[in-house]
Amino acid sequence: MKFFDRLTSDLTTLREAGNLRTLRLLPEDTLNLSGNDYLGILNDTAFREGFYDSLTGEDRKLSAASSRLLTGNVPAAVALEEALAQAYGTEAALVFGSGYHANTGILPALVGPKSLVLSDKLNHASMIDGIRASGATFYRFRHNDLAHARTFLERYAAEYEEVFVMTESVFSMDGDCTDLEALVKLKHDFPNVVLYLDEAHGVGVFGETGLGLAHAKGVHHEIDLLVGTFGKALCSTGAFVVCSSVIRETLINKMRPFIFTTALPPVNLAWTLYVFRALAGMTARRRHVLSMGQRLAEAIRGKGIACVSASHIVPYVIGENDATILEAQRFRQAGFYVLPIRPPTVPRGTARLRFSLSAEIAEADFERLLTLFQH
Ligand SMILES: *Cc1c(COP(=O)(O)O)cnc(C)c1O
């Protein structure tokens, strides 16, 4: 059948270009430097057992049995949302099945006929899908260039009822950070700006109590939609937005990936809340992982390679695909699992290894990692 021929031929094209994606298992005896378990919670057995020991009643259930709007609105969901709203000092919070659900669903539920969207060029695919699904007019500003976003606002803001400015606090590919003071300034200078900030890589890692970069900078109350995920530093699954009550109520009524999906299992919501409550006490882990990020970036710059990272995510740009794969193998042989990232995920000629550090990494292992850069 033509259908299968087309699929096979498309896959062959991908394979020949070296771009075929495959599923693999993490090799044994390697340190994972490509995961998102930033605080090293995943393998912390004592912490996990402490959670299981504390688990009682309804929180032990493994399924919510339906969506939140039917019978899936369990006490753990309510408690988690209360804890989030209280911690961020917002009127409300709403929890979702994943960050992908959040970013694909929030914007389509909120846009009107006279909404404009401005989006950072390197925003996560889930945000791009949400923008497309919303049907709103949108422009992409140059990566991490809020002056460029401002030129769009100067030109178009007055023509629209509201302008959503969407960006990430810590960018997933390069580990660089948005100037959040400048972001908030846009809102002060243009009264119809609505700020939408994805803190998927900021929550847990940044801030005195781990609430993310906006909280660290004291500007979180200026962010209209602060989205965080539980699958990364919080070592769980799901996502949240902290926002006003009117936004929360609108999402409950209009957001399709909230309405038409089974609620997260109570046991999982209880685990997320358990980790969230422990976040404030994980300052040493935050310091460790951020300090490693800084030292790794310095080692890379020491080789004369530009590195924009200001976080625990550190790109090591090599350039050519083949050389990058060889470097990944060299690290692998030394016991460090770090995946090469190639075009089209990143611009042509900027193939790289993307280090995604974890507080789990012992100082001795990290120092051994640094010696691999002395080649
Ligand atoms: C990982 C990620 C998401 C998706 O979150 P999931 O909970 O894994 O679906 C959204 N935004 C950004 C910036 C991310 O890095």
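What counts and what doesn't
- Residues numbered from 1 in each chain as written.
- Predicted model: local features only at pLDDT ≥ 70, side-chain atom pairs only at ≥ 80, totals over all residues.
- Heavy atoms only, no water.
- Helix = DSSP H or I, 4+ residues; strand = E, 2+ residues; numbered from the N terminus.
- Rg over C-alpha atoms; globule rule 2.2 N^0.38 Å.
- Buried < 20%, exposed > 50% of the residue type's maximum accessible area, 1.4 Å probe, protein only.
- Contact = heavy atoms within 4.5 Å.
- Areas by Shrake-Rupley, 256 points an atom, 1.4 Å probe, with all protein chains shown as cover.
- Phe/Tyr/Trp six-rings, centres within 6.5 Å; stacked < 30°, edge-to-face > 60°.
- Lys NZ or Arg CZ within 6 Å of the ring centre and 35° of its normal.
- Axes fitted to C-alpha atoms, helices over the stretch in contact; angles between N-to-C directions.
- Parallel < 35°, antiparallel > 145°, perpendicular 65-115°, else oblique.
- Left-handed = near helix turned anticlockwise from the far one by under 90°.
- Domains from an automatic or database assignment.
- Buried area = accessible area lost by both parts, 1.4 Å probe.
- Salt bridge = Lys/Arg side-chain N within 4 Å of Asp/Glu carboxyl O.
- Polar contact = N/O pair within 3.5 Å; in protein donor to acceptor, adjacent residues only side chain to side chain.
- Nonpolar A, V, L, I, M, F, W, Y, C, P; charged D, E, K, R; others polar.
- Pairing = 2+ DSSP bridges.
- Near = heavy atom within 4 Å.
- Core = buried A, V, L, I, M, F, W, Y, C linked by side-chain atoms within 4.5 Å.

Enquirer: Explain the overall build of the protein residue by residue, including any values.
Expert: If you tally the helices and strands in the protein, you get 15 helices and 12 strands. Here the protein has a C-alpha radius of gyration of 21 Å; the compact-globule value for 375 residues is 21 Å, and the two agree. Its C-alpha atoms give the protein principal-axis dimensions of roughly 55 × 55 × 55 Å. When the 375 residues of the protein are sorted by exposure, 51% land in the buried category. Across the protein, the fraction of contacts at a sequence separation of at least 24, relative to all contacts at a separation of at least 6, is 73%. Accessible area of the protein: about 17,700 Å², with a carbon and sulfur share of 53%.

Enquirer: So what's going on with the packing of aromatic side chains? Residues and values would help.
Expert: Taken as a whole, this structure holds 18 aromatic pairs when the rule is applied. Ring geometry for Tyr316 and Phe331: centres 6.4 Å apart, planes at 80°, overall edge-to-face. A residue pair is termed long-range when its members are at least 10 positions apart, and Tyr316 in strand β9 (residues 313-319) and Phe331 in helix α14 (residues 321-333) qualify at 15 residues. Sitting over the ring of Phe331, Arg330 keeps its end group 5.3 Å from the ring centre.

Enquirer: Report on the packing of helix α4 (residues 75-88) against helix α12 (residues 266-278), specifying residues and quantitative values.
Expert: As a packed pair, α4 and α12 sit with axes 8 Å apart at the nearest point and diverge in direction by 25°. Between α4 and α12, the angle is such that the two are roughly parallel. Seen along the crossing, α4 lies across α12 with a hand that is left-handed. On α12, the residues that touch Ala76, Ala77, Ala79, Leu80, Ala83, Leu84, Ala87 and Tyr88 of α4 are Pro266, Leu269, Ala270, Thr272, Leu273 and Phe276.

Enquirer: For the domain arrangement of the protein, give the residues involved together with the corresponding values.
Expert: The domains assigned to the protein are domain 1 (14-39 + 283-374) and domain 2 (50-280). The straight-line distance from the C-alpha centre of domain 1 to that of domain 2 is 27 Å. Listed by partner, the interface residues are 20 residues for domain 1 and 21 residues for domain 2. Between domain 1 and domain 2 lies a buried interface of about 1,600 Å² when both sides are counted; carbon and sulfur atoms form 58% of it. Its largest share of buried area at the contact with domain 2, domain 1 owes to Tyr38, Leu39 and Arg286, together 30% of the area lost on that side. Counting the contacts that link domain 1 with domain 2 gives one salt bridge. Residues Asp174 and Arg352 are paired through a salt bridge, measuring 2.4 Å at the closest nitrogen-oxygen approach. Counting across the interface, domain 1 meets domain 2 through 13 residue pairs in polar contact (both at pLDDT 80 or more). Within the residue set of the side of domain 1 that touches domain 2, elements represented by two or more residues are α13 (283-301), β9 and β12 (351-356). Of the residues assigned to the side of domain 1 that touches domain 2, the class counts are 10 nonpolar, six polar and four charged.

Enquirer: Tell me what's going on with the pairing of strand β7 (residues 225-229), and back it up with residues and numbers.
Expert: With five of five residues buried, β7 lies mostly within the body of the structure. Going residue by residue along β7, you find Leu225, Val227 and Thr229 tucked away on one face and Leu226 and Gly228 tucked away on the opposite face as well. Two elements, β7 and strand β8 (residues 239-243), share four bridges in a ladder whose sense is antiparallel. Residue pairing for β8: Gly228 is matched across the bridge by Phe240.

Enquirer: Can you tell me about the site of the ligand, naming the residues and giving the values?
Expert: Around the ligand, the neighbouring residues are Ser98, Gly99, Tyr100, Asn103, His124, Ser126, Glu168, Asp198, Ala200, His201, Thr229 and Lys232. Between the ligand and Gly99, the relevant distance is 2.7 Å, taken from an oxygen atom to a main-chain nitrogen or oxygen of the residue. Lys232 has a polar side-chain atom sitting 2.6 Å from an oxygen atom of the ligand. Protein contacts shield 83% of the accessible area of the ligand, which totals 380 Å² for the unbound molecule. Broken down by element, the shell around the ligand gets its largest block of residues, three residues, from helix α5 (residues 99-110).

Enquirer: Tell me about the sheet that holds strand β6 (residues 193-198), and please be specific about residues and values.
Expert: On the basis of which strands lie adjacent, the open sheet formed by seven strands has the order β2-β8-β7-β6-β5-β3-β4 and mixed pairing. Each end of this open sheet is capped by a strand with a single partner; those strands are β2 (92-96) and β4 (137-141). Here the average twist between neighbouring strands, direction ignored, is 20°. In this structure, β2 lies alongside β8, joined through five bridges in antiparallel fashion. Residue pairing across strands places Ala93 opposite Val242, the latter belonging to β8. Sheet strands touched by helix α10 (residues 245-254): β2, β7 and β8. Its angle to β2, the strand with the most contacts, is close to 30°.

Enquirer: Residues and numbers for the nonpolar core, please.
Expert: Counting 88 residues, the largest nonpolar core has Leu84, Leu296, Phe331 and Phe355 as the members making the most contacts within it. Built from parts of two domains, this core gets at least three residues from each of domain 1 (14-39 + 283-374) and domain 2 (50-280). Apart from residues no more than four positions distant in its own chain, Leu84 is found in contact with Ala93, Val95, Phe230, Phe240, Val242 and Phe276. In terms of nonpolar packing, the next biggest core, distinct from the first, is built from 25 residues, Ala102, Ile106, Val111 and Met255 among them.

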